[in-house]
Amino acid sequence: MMSRFFSNKYKELKPYTPGEQPQDQKYVKLNTNESPFPPSPLAVEYAKREAEKLNLYSDPTCKPLCEELAKTYDLKPENVICTNGSDEVLDFVFKCYCDDDIPVAFPNISYGFYPVYAKANRVPFVEIPLKNDFTIDVNDYLGINKTIIIANPNAPTGIALELSDIENIVKSNPDNIIVIDEAYVAFGADSAVDLVKKYDNLIVIGTYSKAMSLAGARLGFAFADEKLISDLNTLRYSTNPYNVNRMTMFAGIGALQDAEYTKKNLETIIENREYTVNELEKLGFEILTSKANFIFAKSSKIDGKELYLELKKRGVLVRHFTKEQISNFVRITIGTKEQMDILLQKIKEVLS
Ligand code: PMP
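Only a predicted model underlies this, so the values are computations on that prediction, with no experimental measurement involved.

Remarks on the nonpolar core
Next, step 1: Judged by nonpolar contacts, the single largest core of 55 residues is most densely connected at Leu 65, Leu 69, Cys 82 and Tyr 208.
Next, step 2: Broken down by element, the residue count for this core peaks at six residues, all from helix α7 (residues 246–257).
Next, step 3: Per-domain counts for this core show at least three residues from each of domain 1 (19–38 + 260–351) and domain 2 (41–257).
Next, step 4: Filtering out sequence-adjacent residues up to four positions away, Cys 82 remains in contact with Cys 62, Leu 65, Cys 66, Leu 69, Leu 219, Gly 220, Phe 221, Arg 236, Asn 243 and Val 244.

Quick look at the structure:
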């Protein structure tokens, strides 16, 4: 539906469709790559303390959190920006570094929000096909004279690039911005964050939504040369200077300080991932090599959409994408061992 007043600019815009978010806890929810574990107790404690001060605006510079992130990742606070989820900083990237003269390129199978941001911001974009095995061909990205966005590990495949490949892409496009979206990096891929000190055209994006169990708090960040951070801040201050609320800001500090808690959860998720892959392979599934907190799996016995629907009927939510090349697959978020056992049991039921 659309009113007769809606700007022509947006009449053709098809918004991003988020995964289903049922609010009644009825499902084993393995569809939007959240952590199955609650946030760190320290994050919750700090957020509660800040709740008492919700009458006051948050710090628009986000200084305490930028400092904590800088300390954790061995950068300067000037190399950090914090945003309302990493989705927000992605939007700033499209606004700052793409226009009619500088198109943006990303893989044809990747995070579904990239083409939506391109269209919403009215910038031309090129979708570069993955290889038949769903990997990225690095050669496609060398010296291409475009802004480049790559999720590493990629979504929904879970496949990661080598750091040397990323460096080659950055090096070969010195006059263009390269964005590495590291939403899932903590689950086993190599982060490009150290390259930020070496290259002034690299932006590394991170999120608290997955490894740090704070999807509902909405907190993302980016690391880059301080001039790039200044550009992104120009957009931030022109949009919503209080983009990170004070509860979220301090939850973010708490989560960073409680690194042990995050590490323990990461180890569990990785263990559960390997367990699930093994068990699904025994059932004849083909699974792409995942370095993320999800796996992308297909069975020759059942179509992806049907499997998704049959699992949903049985109380397990996974994600299915209609794009032709990947419509045989389902994406399964890795949860607790108990959740994965329910999933496996229901899959056996469906297949029999
Ligand atoms: N990048 C990728 C690759 C993602 O899968 C997601 C999660 N949907 C995001 C960014 C955005 O996450 P958030 O806004 O919760 O930080």
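Topic: the packing of helix α1 (residues 41–51) against α7
Next, step 1: At a minimum axis distance of 7 Å, the contact between α1 and α7 shows a crossing angle of 155 degrees. In terms of axis orientation, α1 runs roughly antiparallel to α7. α1 and α7 meet at a crossing whose hand is right-handed. In this structure, α1 contributes Leu 42, Ala 43, Tyr 46, Ala 47, Arg 49, Glu 50 and Ala 51 to the contact, and α7 contributes Arg 246, Met 247, Phe 250, Ala 251, Ile 253, Gly 254, Ala 255 and Gln 257.
Next, step 2: A per-class count over the contact of α1 with α7 returns 10 nonpolar, two polar and three charged.

Here we look at the site of the ligand
Next, step 1: Around the ligand, a shell composed of Gly 85, Ser 86, Asp 87, Tyr 111, Asp 181, Ala 183, Tyr 184, Thr 207, Ser 209, Lys 210 and Arg 218 is seen.
Next, step 2: The separation between an oxygen atom of the ligand and a polar main-chain atom of Asp 87 is 3.1 Å.
Next, step 3: Residue Ser 209 places a side-chain N or O atom 2.6 Å away from an oxygen atom belonging to the ligand.
Next, step 4: Contact with the protein chains hides 90% of the accessible area of the ligand, taken as 400 Å² for the molecule alone.
Next, step 5: The element that contributes the greatest number of residues to the shell around the ligand is helix α3 (residues 85–97), accounting for three residues.

Quick look at the domain arrangement of the protein
How big an interface is tends to be stated in terms of the accessible area lost upon association of its parts.
Next, step 1: The domain architecture assigned to the protein consists of domain 1 (19–38 + 260–351) and domain 2 (41–257).
Next, step 2: Computed over C-alpha atoms, the centres of domain 1 and domain 2 are 25 Å apart.
Next, step 3: Between domain 1 and domain 2, the residue contacts involve 27 residues of the former and 25 residues of the latter.
Next, step 4: Carbon and sulfur atoms supply 63% of the area that domain 1 and domain 2 bury against each other, a total of about 2000 Å² over both sides.

Observations concerning the sheet that holds strand β9 (residues 285–287)
Next, step 1: In space, the three strands of this open sheet follow the order β9-β10-β12, with antiparallel pairing throughout. Of all strands in the sheet, those bounded by a partner on one side alone are β9 and β12 (329–333). Sheet twist, expressed as the mean angle between neighbouring strand axes with direction ignored, is 35 degrees.
Next, step 2: For strand β10 (residues 294–299) and β12, the ladder comprises five bridges, and the chain directions are antiparallel. Each bridged residue has a counterpart across the sheet, and for Phe 294 the counterpart in β12 is Thr 333.
Next, step 3: Packed on one face of the sheet, helix α8 (residues 259–282) meets β9, β10 and β12 and runs near 140 degrees to β9.

Topic: the environment of Lys 14
Next, step 1: Position of Lys 14 among the secondary structure elements: in the segment before β1 (28–29).
Next, step 2: For Lys 14, a relative accessible area of 64% puts it in the exposed group.
Next, step 3: For Lys 14 and Ser 230, which are 216 residues apart along the polypeptide, the C-alpha to C-alpha distance reads 31 Å.

Structural notes on the sheet that holds strand β2 (residues 80–83)
Next, step 1: Taking strand neighbours across the sheet as the criterion, the seven strands line up as β2-β8-β7-β6-β5-β3-β4 in an open arrangement whose pairing is mixed. Only two strands of the sheet have a single neighbouring strand rather than two, namely β2 and β4 (125–128). Taken over all neighbouring pairs, the strand axes of this sheet differ in orientation by 20 degrees on average, direction set aside.
Next, step 2: Bridge count between strand β7 (residues 202–207) and strand β8 (residues 220–224): five bridges; the pairing is antiparallel. The partner of Thr 207 across the bridge, within β8, is Gly 220.

Let's talk about the packing of helix α2 (residues 63–73) against α7
Next, step 1: The contact between α2 and α7 brings their axes to 9 Å, and the two run at 20 degrees. In this view, α2 runs roughly parallel relative to α7, as classed from their interaxial angle. Note that α2 runs across α7; the crossing there is left-handed. Of α7, the residues touching α2 (which contributes Pro 64, Leu 65, Glu 68, Leu 69 and Thr 72) are Met 249, Phe 250, Gly 252, Ile 253, Leu 256 and Gln 257.
Next, step 2: Looking at side-chain class alone, the contact of α2 with α7 contains seven nonpolar, three polar and one charged residues.

Considering the pattern of salt bridges
Next, step 1: Applying the stated criterion to the full structure yields 19 salt bridges.
Next, step 2: Close ionic contact of Glu 67 with Lys 63 constitutes a salt bridge, the shortest N to O distance being 3.7 Å. Of this pair, Glu 67 and Lys 63 both sit in helix α2, four residues apart, which is roughly one turn of the helix.
Next, step 3: Residue class for Lys 63 comes out partly exposed when judged on its relative accessible area of 48%.
Next, step 4: Salt bridges sharing common partners tie together Glu 310, Lys 313, Arg 314, Lys 346 and Glu 349.

Cut-offs and rules
- Residues numbered from 1 in each chain as written.
- Predicted model: local features only at pLDDT ≥ 70, side-chain atom pairs only at ≥ 80, totals over all residues.
- Heavy atoms only, no water.
- Core = buried A, V, L, I, M, F, W, Y, C linked by side-chain atoms within 4.5 Å.
- Buried < 20%, exposed > 50% of the residue type's maximum accessible area, 1.4 Å probe, protein only.
- Helix = DSSP H or I, 4+ residues; strand = E, 2+ residues; numbered from the N terminus.
- Domains from an automatic or database assignment.
- Contact = heavy atoms within 4.5 Å.
- Axes fitted to C-alpha atoms, helices over the stretch in contact; angles between N-to-C directions.
- Parallel < 35°, antiparallel > 145°, perpendicular 65-115°, else oblique.
- Left-handed = near helix turned anticlockwise from the far one by under 90°.
- Nonpolar A, V, L, I, M, F, W, Y, C, P; charged D, E, K, R; others polar.
- Near = heavy atom within 4 Å.
- Polar contact = N/O pair within 3.5 Å; in protein donor to acceptor, adjacent residues only side chain to side chain.
- Areas by Shrake-Rupley, 256 points an atom, 1.4 Å probe, with all protein chains shown as cover.
- Buried area = accessible area lost by both parts, 1.4 Å probe.
- Pairing = 2+ DSSP bridges.
- Salt bridge = Lys/Arg side-chain N within 4 Å of Asp/Glu carboxyl O.

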